[in-house]
Every structure is written in C-alpha cells, then in structure tokens.
Amino acid sequence: MATFKKIGFVFLLILGLTGNVMAQQGSSITFEKVISLKQVGSPLVSPDGKTVVYSVTSTDWTNNSYDTEIWLSREGGAPMPLTRTAKGSSTSARITPDSKFVSFLADRGEKNQLYIIPVTGGEALQVSKDEDGVGSYEWSPDGKRLAYTKAEAESKKEKTTKERFGAFTIEGEDFKQSHLWLLNFHYDSIALAGQVPCYPVKKDSLQTGATPPAKPHDCFKLPVARKVTSGDFHVTSFAWHPDGRTIAFNRQPNPLINSSLRSDIAILNVVTKEVKTLVSNPTGDFFSKWSPDGKSFVYSSSLDDSTTYFFKNNRLFIYDTPTAKSREIAQTIDENKNVLDWNEKGIYLGALEKTKQKVFEVDPKSGKAKPLNIKLDLVNTLAFSKNTDVVAISGRNHADLGEIYTGKLNKPLKKITANTEQIKGWNTPINEVITWQSTDGASIDGVLLKPRNYDASKKYPLLIVIHGGPTGIDLPDPTPSYVYPMLQWVEKGALVLRVNYRGSAGYGEKFRSLNVRNLGVGDMWDVMSGVDFLAKKGMIDTTRMGSMGWSQGGYISAFLTTNTNRFKAISVGAGISNWVTYYVNTDITPFTRQYLQATPWADMDIYLKTSPMTNINKASTPTLIQHGEFDRRVPIPNAYELYRGLQDRGIPSRLIVYKGFGHGINKPKERLAATWHNWQWFNHYLFGEAEPALPVE
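Where an unreviewed UniProt entry is consulted, the chain appears under the name S9 family peptidase, with the organism given as Rufibacter latericius.

In structure tokens:
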C-alpha cells in the first residue's frame, strides 16, 4: 500500500482510539477498527507449484475507498506485497503459464490496463494500452496471447446525437455490448516498448532522405489488440480451450441483468473468427470449466425453467464435444454448486451445508460427488497448480478471520497469512448456532452472539440482525458488522440473533422454497419464533428488543414494523415496503414474479398480503430508514413510501439517504456514518440514552 494511504489510516485509527471510545460507551472496539480490518482472498498457485498469490483488501480512509493489492508467497515462505497502485487497486491476478510472471489489472492513469511483474518482484511493466480499458482477461495455454473483453466505444452517431439533443436514455435500450479481443504477448517487446522512438516516416534526425526499412528490433511498441467477436450480442465470461485454438464463451443478447436468462454457450475459432453455438437451452446456460483433455466441459443451466430459478438449486451438466450431448452430475448435492476446477483427479465443487462451506470431488464418469475432508469450517476458494499437486485455499474456521493456506489436499495445510492476528486481544462475542421450531414447524437456525462474560441468570436486551438475499446466510463470525455495530452492542451488554430464516442458502432447495408466496409472513414467523425461543429460556428482556437488516433483511424489518409492536425500535436498510412499487421499479423484475408467482395485475391479493405498507395503520414502532440514493435493486421510492406512511401516523421515524450510492454502502466513511446512525437509534430506544452526536471533533 502506498505511504500516504498508511498515514491516512493511522490518523483515523488514532482518532477512533481516542474520541470514539468515549462516544461508543460500553465498547472497547471502535467502529473504525472493524471497518479497517484487512481481508484476504482469491488465491492462485503457479503451474510449477512454487508461487502462491492472493489479494489483500484494506481500508483507504484518505481516498474513502477500499484498496486491493496482490501479495505473494514463494515456496511456502513469508508473504510479501507484490503490487502498489497509488490511487486505486491491483486486481484480477493471473500467473503466466511459464510461472515467471504475475499479471494484473490496474488503472494507473490510462484506464484499466494489463500489467505484468516478475514473481521475484520488481517493477510492473504495462502490457496493454487500450483507450477503452480492459475488462476480464485470460492467458492462452502457451502464454503467447491474451484474450480480454471490453465494452464497445461510443460511436460517432451517438456522440453527434448527444451534442445535439443532450443526454437521455431509453429504458432497456441504453447499453454497450462487450466483445472478445486478442492481444499478442512477447516479453522483449513489452520490456523495450518506448525505449526507441517510433516515427511515422522512416527518417531519423541525421538524414533528410528516406532510411532503409527499419529492422524488427529498431522500434518496440506495445502490441495492439484485435477484435475477434462481433455482432449484436454481449460476451460475459470465457475460457481458452486446452489446445489454445478456440475459446468457449458465454453469450447473451445484451449486458442488462435480466438478459442472462437467455445466455448460451458458444465457441470461437481464434484464427478464422468462426463462432459456433454449443449449448442453447430456453433459459440461461453458463460455461464453467474445460476438462483437462478438452473433449468436454462442465456448465450450469436452468434448462427451460424461467419461473423458479431464483430459489431452485442450480444444475450442473457435462457437455461431450464429440457427441454434442449433455448429462447431469452432482445431483445429490442439495444446494447451489460453484465449480472450482476440473483437473486429472476430477471436478471440484464448493457448496454450503448449513453453516459450513464444503468442497466436493465429483467423478466425471459417474457424476457422483463426495465431500473432501478439509479441516476448515468454511472453504471459500480452492485453487490447484496445473502441473503439481499443490493447492491454495482461502477459508477460515468459525472463530477466525479469513486466511490463505497452501499444501496438498491429503496432508495438513500450512497457513501462510496471519490475518486473524488483527483481532488478537479483542473482546469478540461468543458465536453459538441455535435451532428452534417456527410457527409452521419448520426448523430454523440462527447465530446467537453472546458476551464472553455471559451470565445465564440475567435477561439481556435483544437485537435481531437479518441478512439479505433471501438466499444469503449468516455464519458464525468473530467480527460481523456491515453497518450494524454488533460487536459493540454485545460488549455493551446485549444479545444479537442473526436469523437464517426460510429461503436462506445452505439448507437445501425445499427450505429455500418455503417463502414462495409467503414472503414476509413466513419470515416473520421465523424471527418471532426465535424471539419466543430465547424468551422461554429466560435469556432476553422482551421489553428491550430491536430488529434491523439490509435488502431482503430490510424488507423483513419493514414487515415487522407494520405487523408487530413487540420491538422498541427497527432499522430498515434498502428494504422493500410495497411489492407493487418494487416490481415496477427494480432492475430484477423476475425476482418478484418468481417468489410471488404472479404479477400485480394477475394477483393483487398476494402483493397486498406480503407488502409492509398494507398494514401501515397498525405500525407503532420507531423506525430508522437507510437507503442509497441511486439504488436500482431496491429503488428508493420504497424508502419514501414507508417514511411517508410512518410520518403521516406520527410515528417516530427518520429517513437517511446516502448520496451517490446504489444498493450497498461500499465506501468506508459512509459505512461509518450508517453504523453510527444505527448505534444512535437503537441506543436511544433500547438503552434509554440520549442520542450521541456524531463525533466530528
């Protein structure tokens, strides 16, 4: 990380350690400390097995951003930082097929460009100089070419139209298609680019006449990419065939989010530019990995399901190129599956199993899956070396932060990072997974956070924190946060319950389907039965309870606001207040149609039954509403509708709009502000405190 970033971080950390400790009464862990925690991920192993690279994301308070850089460990040694992009991040690391270089993307003043740096360290060299910037990219198997995507440039006609008529947009028609481009790579040309001037006419400063034709080494320039796909379609992800002569890619009509429903899989001949469609079912098909011999590939597909794919399991298939036939695999894994790799030993998948994230090995011939015995509660990513049996893993145990491990699958892994050291000495909460029966008998899990000095004879205030999705999941975590100061509330003397309500991931397709045509209603059963479960155990003070959540969690909190008076305060983050308002404004209209199984015009009753606004006249709970100004996923009319309904009834309510943000709060300063807003709101209504002012001095 650049020096000025460190100075900004240290200054604000000192500020957090002084003024904010007093303001955050009862807590030793400041909000700034939590927001400043570094995260590691995206590990890769070089083909020769000697190098592991991974990303480290840190908080850049000076620039109000999160900075991602690439770190490297050689032969299991102590990791070191490899990249330092001063104003921005270094992302999308790849290791060249010869294991000599790490490539990455960075904007260093010329839009997003490709760079390489030796695995032994040194200065990064620029590889591309594309005036429109580089999107995603991959090396060819022989390392002599790169393929990348980029969006089409603005046409002359578009520029002229804007100059004459100003800026306007036509819904569903304003987009830029992305296509594939090929870039040749030769290290000497890259290293020497710009060292000898390249004149448009072959004359030098000592001659007036024409010089002889320049020799190949007389002038070195960065290579220029050539476009290899064209047409009225949009390229998303892609992968080189093992022989390097073709590229499989996912193609859809346009980049709009709902267009993925019509994605298919095509293959490109990089020499002739011929494109052939391989898989084209009525709904989305998505390429994952080639087999090692290149004769097959694994892909996911909804086949002809256009009405339930939001909550049904994804399905995986192997496509055999000689016969052009597909067969389904891993059908016994009752969850969404993520393809990690396909190598000589088999296909490797990641999938949730309740509050564990596991890796499964699939036999390509039989399609049967078996879990691997990896000694971690959560395996996020598993990366294999192409030519050795070395692997790299990002993951953690429930009590730790994420770490990077390396080694061999059947032997103890070596942890090469020390990320968890960041919270050494912190008074983090105890995480306990509890289970109870909901109103309709469904079994519901939740993660209960308790103080380390928990006293079973006491009754504690309770704060419910509800995840988004609905196909998200809450997992045991020593530092859960986002914009909710859970650590601080537990340390202050409260319990926090994170509910994995019906519809959550990790519990199978049947469980994820339990809130179809039952949104809000069934979710409230799960939350309130969890409250009753804790109350019967004598653990909570039911006169001091609050609830909060973001996105779908915000919707459930809004539903609680208008359907129960058992909470002292509620916070609605980017939540849905009216399914009709949501349906006509969101960028993912199929979501509503699938969960409610109707449009508003076909079945208004189900929209009314599941909308918080239907029972606004029953609302009595003080409610904080938080929303991003430019949210397309849950558009801001939902926030204004709930706020106006509460205000008209004289219910204490506050709407805070975070300027310039979409669906998430993805900058540290505004995340700090949103955390403070929740701290103020609940401390006032649950703990009877005067709302503390924001610590601006």
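Caption draft 1: Main features of the overall build of the chain. Looking only at helices and strands, the chain features 13 helices and 36 strands. Its C-alpha atoms give the chain a radius of gyration of 27 Å, within 12% of the compact-globule value 26 Å for 697 residues. Expressed as lengths along the three principal axes of its C-alpha atoms, the size of the chain is roughly 90 × 65 × 60 Å. Relative to its 697 residues, the chain shows a buried fraction of 53%. Carbon and sulfur atoms form 51% of the exposed surface of the chain, whose accessible area is close to 31,200 Å². Once the 82 positive and 70 negative side-chain charges of the chain are each reduced to a mean point, those two points are 2 Å apart.

Caption draft 2: Focus on the confidence of the model for the chain. For the chain, per-residue confidence averages 92 on the pLDDT scale, and 92% of positions sit at 70 or higher. For the stretch residues 1-19, pLDDT sits under 50, and the model shows 30 contacts to residues farther than four places along the chain or on other chains. This stretch, residues 210-214, has a pLDDT under 50; its non-local contacts, to residues over four places away or in other chains, come to eight contacts.

Caption draft 3: Spotlight on the environment of Thr 307. Considering the arrangement of structural elements, one finds Thr 307 in the loop between β18 (296-301) and β19 (315-320). Separated by 65 residues in the primary sequence, Thr 307 and Pro 242 have C-alpha atoms spaced 36 Å apart. The residues touching Thr 307, leaving out its near neighbours within four places in the chain, are Gln 594 and Gln 597.

Caption draft 4: View of the side chain of Thr 283. With respect to the helices and strands, the residue Thr 283 is situated in the loop between β16 (275-279) and β17 (285-290). Of the residues examined, Thr 283 reaches a relative accessible area of 2% and is grouped as buried. Within the local environment of Thr 283, its side chain forms a polar contact with the backbone oxygen of Leu 303, the two atoms lying 2.5 Å apart. What Thr 283 contacts, discounting residues up to four positions off in sequence, is Leu 261, Ser 263, Ser 302, Leu 303, Asp 304, Asp 305 and Ser 306.

Caption draft 5: Quick look at the nonpolar core. Ranked by size, the top nonpolar core spans 61 residues in total, and within it Leu 462, Ile 464, Leu 497, Leu 560 and Trp 579 carry the most contacts. The element best represented in this core is helix α7 (residues 521-536), accounting for six residues. Aside from chain neighbours lying at most four places away, what touches Trp 579 is Leu 519, Gln 552, Tyr 555, Phe 591, Thr 592, Leu 596, Tyr 607, Thr 610 and Ser 611. Judged by nonpolar contacts, the second largest core, of 31 residues, contains Trp 61, Tyr 484, Trp 676 and Trp 681.

Caption draft 6: Summary view of the UniProt feature "domain: Peptidase S9 prolyl oligopeptidase catalytic" (unreviewed entry) in the chain. The positions UniProt marks with the feature "domain: Peptidase S9 prolyl oligopeptidase catalytic" (unreviewed entry) are residues 487-686. The annotated region residues 487-686 carries 45% helix and 17% strand content, and the separation between its end C-alpha atoms amounts to 16 Å.

Caption draft 7: Structural view of the side chain of Asp 526. When you line up the elements, Asp 526 lands in helix α7. Of the residues examined, Asp 526 reaches a relative accessible area of 0% and is grouped as buried.

Caption draft 8: Just unusual backbone geometry, in detail. Across the junction of Gly 469 and Pro 470, the peptide omega takes the value 10 degrees, indicating a cis bond. By the secondary structure assignment, Pro 470 is in the loop between β31 (460-466) and α5 (486-492). Look at Lys 111: it is not a glycine, yet its phi comes out positive at around 65 degrees. Its place among the elements puts Lys 111 in the loop between β6 (101-107) and β7 (112-118). A residue is classified by how much of its surface remains accessible, and Lys 111, at 45% relative accessible area, is partly exposed.

Caption draft 9: Just the packing of aromatic side chains, in detail. Enumeration over the complete set of coordinates arrives at 31 aromatic pairs. Between Phe 31 and Trp 676 the ring centres are 5.1 Å apart and the planes differ by 75 degrees, which places this aromatic pair in the edge-to-face class. Within this pair, whereas Phe 31 is found in helix α2 (residues 31-35), its partner Trp 676 is found in helix α13 (residues 668-687), the two being separated by 645 residues in sequence. No difference in accessibility class separates Phe 31 from Trp 676, as the two residues are buried.

Caption draft 10: View of the packing of α7 against helix α8 (residues 552-563). Where α7 contacts α8, the axes come no closer than 10 Å and their chain directions differ by 80 degrees. In this view, α7 runs roughly perpendicular relative to α8, as classed from their interaxial angle. Taking contact as the criterion, the partners of Val 521, Asp 523, Met 524, Val 527 and Met 528 in α7 are, on α8, Tyr 555, Ile 556, Phe 559, Leu 560 and Asn 563. In terms of residue class, the contact of α7 with α8 is built from eight nonpolar, one polar and one charged.

Caption draft 11: Structural view of the pattern of salt bridges. By the definition in use, this model includes 26 salt bridges. A salt bridge links Glu 152 to Lys 227; the shortest N-O distance between them is 3.8 Å. Of this pair, Glu 152 sits in the loop between β10 (145-151) and α3 (156-165) while Lys 227 is found in strand β12 (residues 226-227), placing the two residues 75 residues apart along the sequence. Assessed through its relative accessible area of 34%, Glu 152 is described here as partly exposed.

Caption draft 12: Molecular detail of a nonpolar patch on the surface. On the surface, Val 584, Trp 601, Met 604 and Leu 608 cluster together into a nonpolar patch covering about 420 Å² of accessible area. Tracing the backbone through its elements, the reader meets Val 584 in helix α9 (residues 579-585).

Caption draft 13: Molecular detail of helix α12 (residues 637-648). Look at α12: 16 Å from first C-alpha to last across twelve residues, which is about the 16 Å you get at 1.5 Å a residue. All of the buried residues in α12 are Asn 638, Ala 639, Leu 642, Gly 645 and Leu 646. With its buried residues spanning 140 degrees around the axis, α12 presents them on a single face. Following α12 by one or two positions, Gly 650 has its phi on the positive side, about 70 degrees.

Caption draft 14: Representation of the environment of Asn 397 in the model. Structurally, Asn 397 is set in the loop between β26 (391-396) and β27 (403-407). For Asn 397, a relative accessible area of 26% corresponds to the partly exposed category. Here the alpha-carbon distance between Asn 397 and Ile 651, two residues 254 residues apart in the chain, equals 43 Å. Among the polar contacts listed, one links the side chain of Asn 397 to the backbone nitrogen of Asp 377, at a separation of 3.1 Å.

Caption draft 15: Summary view of α3. Among the ten residues that make up α3, zero are buried, leaving the element largely open to the surroundings. One or two residues past the end of α3 sits Gly 166, with phi positive at roughly 80 degrees.

Caption draft 16: Representation of the sheet that holds strand β9 (residues 137-139) within the structure. Here we have four strands laid out as an open sheet, ordered β9-β10-β11-β12, and antiparallel in their pairing. The open sheet has two edge strands, β9 and β12, and neither has a second partner. Here seven bridges tie β10 to strand β11 (residues 178-184), and the two strands are oriented antiparallel to one another. In the strand pairing of β11, Tyr 148 is matched with Trp 181.

Caption draft 17: Spotlight on the domain arrangement of the chain. Under the domain assignment used here, the chain contains domain 1 (39-154 + 178-198 + 218-229), domain 2 (231-337) and domain 3 (425-687). The interface is formed by seven residues belonging to domain 1 together with seven residues belonging to domain 3. For the pairing of domain 1 and domain 3, the buried interface totals around 590 Å² over both sides, and the portion due to carbon and sulfur atoms is 59%. By the criterion of area lost to domain 3, the three top residues of domain 1 are Trp 61, Asn 64 and Tyr 66, representing 92% of everything that side buries. Put simply, domain 1 and domain 3 have three residue pairs in polar contact (both at pLDDT 80 or more) between them. Breaking the side of domain 1 that touches domain 3 down by element, the ones donating at least two residues are β2 (51-60) and β3 (65-74). Grouping the constituent residues of the side of domain 1 that touches domain 3 by class yields two nonpolar, four polar and one charged.

Conventions we followed
- Residues numbered from 1 in each chain as written.
- Predicted model: local features only at pLDDT ≥ 70, side-chain atom pairs only at ≥ 80, totals over all residues.
- Heavy atoms only, no water.
- Helix = DSSP H or I, 4+ residues; strand = E, 2+ residues; numbered from the N terminus.
- Rg over C-alpha atoms; globule rule 2.2 N^0.38 Å.
- Buried < 20%, exposed > 50% of the residue type's maximum accessible area, 1.4 Å probe, protein only.
- Areas by Shrake-Rupley, 256 points an atom, 1.4 Å probe, with all protein chains shown as cover.
- Lys, Arg positive; Asp, Glu negative; His and termini not counted.
- Charge placed at Lys NZ, Arg CZ, Asp CG, Glu CD.
- pLDDT = per-residue confidence, 0-100.
- Contact = heavy atoms within 4.5 Å.
- Polar contact = N/O pair within 3.5 Å; in protein donor to acceptor, adjacent residues only side chain to side chain.
- Core = buried A, V, L, I, M, F, W, Y, C linked by side-chain atoms within 4.5 Å.
- UniProt positions renumbered as here; feature names shortened; annotations may be inferred.
- Phe/Tyr/Trp six-rings, centres within 6.5 Å; stacked < 30°, edge-to-face > 60°.
- Axes fitted to C-alpha atoms, helices over the stretch in contact; angles between N-to-C directions.
- Parallel < 35°, antiparallel > 145°, perpendicular 65-115°, else oblique.
- Nonpolar A, V, L, I, M, F, W, Y, C, P; charged D, E, K, R; others polar.
- Salt bridge = Lys/Arg side-chain N within 4 Å of Asp/Glu carboxyl O.
- Patch = residues over 30% accessible without salt bridge, like charges linked within 9 Å, V, L, I, M, F, W, Y side chains within 5 Å.
- Expected span 1.5 Å × (residues − 1).
- Arc of directions from axis to C-beta.
- Pairing = 2+ DSSP bridges.
- Domains from an automatic or database assignment.
- Buried area = accessible area lost by both parts, 1.4 Å probe.

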